[in-house]
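This is what each chain is made of:
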Amino acid sequence: SRTMSRYDDVIFDLDGTLIDSLAGIHRSLNRALAFYHLPPVGEDAARGAVGHGVMNALRHVVRASAAQNGGDAELWFAQHGEAIAEVYRREYAVGYRGVTVLYPGVYDVLSTLRTHSIRCYAVSNKPEAFCSSILDELGVSSFFQFVAGEDTFAERKPSVVVWRELTKKYALRPGRTLMVGDGKADSEFGSNAGIDVCLVRYGITPANIVDAYAANYRIDNIRDVVDIVLGQ
């Protein structure tokens, strides 16, 4: 029963934690670059772009793209950043379909946590509309009390504002809440909120980089979250 669990509430990151979304992000970033006749970037550049919101992702790949032809990325981005972000959002609205999937075991984990009355939340730094439609399409939105994207609150992860808003709404308790993610923003969010953090090593952020971030737990399989949460 719930009273026996180690945590009551679990906040999940999306990209690289619950959903394997790199292919769709990579494809859409390159389509946005191509719109401006900028050279495409490889998967590693796309990988490094994930986790800190759309503008940061684009700044990262424009820099990587410009490095290939000696362009001034900062100047270009200062002039075209907002516009290329619009193009990216338009491309991603189609580009994630068919190539974004749940990692193996995710459905079972969410289902098991619900059976044990553990409340789950999704907190991502991709736009909220994309978070919601992806979770819908993958058949898991009913498992979440709340879904937040980078544009849901006044600030995005790792800001403590996100934690305060969720706490106001759902009376979360620091000692009884776990953040599960694969990136820097997830680790820092845990520190800022004063909650425990579980980092996954199979996600979009390479494991050796994940291992440098602060965490209470590190796992190679999402299924291990169940034992951590239930205190088994």
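Just above, that's the structure.
Scope of this entry: the structure provided in the associated data block.

Parameters and conventions
- Residues numbered from 1 in each chain as written.
- Predicted model: local features only at pLDDT ≥ 70, side-chain atom pairs only at ≥ 80, totals over all residues.
- Heavy atoms only, no water.
- Helix = DSSP H or I, 4+ residues; strand = E, 2+ residues; numbered from the N terminus.
- Contact = heavy atoms within 4.5 Å.
- Buried < 20%, exposed > 50% of the residue type's maximum accessible area, 1.4 Å probe, protein only.
- Pairing = 2+ DSSP bridges.
- Salt bridge = Lys/Arg side-chain N within 4 Å of Asp/Glu carboxyl O.
- Polar contact = N/O pair within 3.5 Å; in protein donor to acceptor, adjacent residues only side chain to side chain.
- Axes fitted to C-alpha atoms, helices over the stretch in contact; angles between N-to-C directions.
- Arc of directions from axis to C-beta.
- Parallel < 35°, antiparallel > 145°, perpendicular 65-115°, else oblique.
- Left-handed = near helix turned anticlockwise from the far one by under 90°.
- Nonpolar A, V, L, I, M, F, W, Y, C, P; charged D, E, K, R; others polar.

**Digging into the side chain of serine 5**
Right, on to step 1. Inspection of the secondary structure assignment puts serine 5 in the segment before strand 1 (9–12).
Right, on to step 2. Non-local contacts of serine 5, meaning those with residues more than four positions away in its chain, are made with Ile118, Arg176, Val229 and Leu230.

**Concerning the pairing of strand 1**
Along any regular strand the residues' side chains alternate between the sheet's two faces.
Right, on to step 1. Residue alternation in strand 1 divides its side chains into two sets, Asp9 and Ile11 and Val10 and Phe12, and both sets are buried.
Right, on to step 2. For strand 1 and strand 6 (residues 177–181), the ladder comprises four bridges, and the chain directions are parallel. Within the sheet, the bridge partner assigned to aspartate 9 lies in strand 6 and is threonine 177.

**Things to note about the pattern of salt bridges**
Right, on to step 1. Across all of its chains, the model carries 18 salt bridges by this definition.
Right, on to step 2. Here aspartate 15 and lysine 126 are joined by a salt bridge, their closest N and O atoms 3.1 Å apart. Of the two residues, aspartate 15 sits in the loop between strand 1 and strand 2 (19–20) while lysine 126 sits in the loop between strand 4 (119–123) and helix 6 (128–137), which places them 111 residues apart along the sequence.
Right, on to step 3. Accessibility expressed as a relative area gives 8% for aspartate 15, which makes it buried.
Right, on to step 4. According to the relative accessible area criterion, lysine 126 is buried, its value standing at 7%.
Right, on to step 5. Ionic contacts of the salt-bridge type, sharing partners, join the residues Arg201, Asp211, Arg218 and Asp220 into one network.

**As for the environment of arginine 156**
Right, on to step 1. As for its position among the elements, arginine 156 is in the loop between strand 5 (144–148) and helix 7 (160–170).
Right, on to step 2. For the pair arginine 156 and glutamate 91, spaced 65 residues apart in the sequence, the C-alpha separation amounts to 22 Å.
Right, on to step 3. Discounting residues that sit within four places of it in the chain, arginine 156 has contacts with His52, Gly53, Asn56, Asn125, Glu150 and Val162.
Right, on to step 4. A polar contact is formed between the side chain of arginine 156 and the backbone oxygen of histidine 52, at a distance of 3.2 Å.

**Remarks on the sheet that holds strand 6**
Backbone hydrogen bonds are what pair the strands of a sheet, in a parallel or an antiparallel way.
Right, on to step 1. Taking strand neighbours across the sheet as the criterion, the six strands line up as 5-4-1-6-7-8 in an open arrangement whose pairing is parallel. Strand pairing shows two members of the sheet lacking a second neighbour, strand 5 and strand 8 (217–219), which therefore form its edges. Between one strand axis and the next, the sheet turns by 20° as a mean value, whatever way the strands run.
Right, on to step 2. Along the sheet face, helix 5 (residues 106–115) touches strand 1, strand 4 and strand 5 and points at about 155° away from the line of strand 1.
Right, on to step 3. Across the sheet, helix 8 (residues 184–193) is in contact with strand 1, strand 6 and strand 7 (196–200); its angle to strand 7 comes to roughly 170°.

**Some thoughts on helix 6**
Right, on to step 1. Taken residue by residue, helix 6 has Phe130, Cys131, Ile134 and Leu135 as its buried positions. End-on view of helix 6: buried residues confined to an arc of 125°, all on one side of the axis.
Right, on to step 2. Taken together, the buried residues of helix 6 touch strand 2, helix 4 (73–95), strand 4 and strand 5.
Right, on to step 3. Two residues or fewer past helix 6, glycine 139 is found with a positive phi of approximately 75°.

**Here's the deal with the packing of helix 1 (residues 22–35) against helix 3 (residues 54–66)**
Helix packing for two helices is described by the angle between their axes and how far apart those axes are.
Right, on to step 1. Where helix 1 meets helix 3, the axes come as close as 11 Å, and the angle between the chain directions of the two elements is 60°. By the angle between their axes, helix 1 is oblique relative to helix 3. Crossing of helix 1 against helix 3: the hand is right-handed. Contacts between helix 1 and helix 3 pair Leu29, Ala32 and Leu33 from the former with Leu58, Val61, Val62 and Ser65 from the latter.
Right, on to step 2. Residue classes in the contact of helix 1 with helix 3 are distributed as six nonpolar, one polar and no charged.

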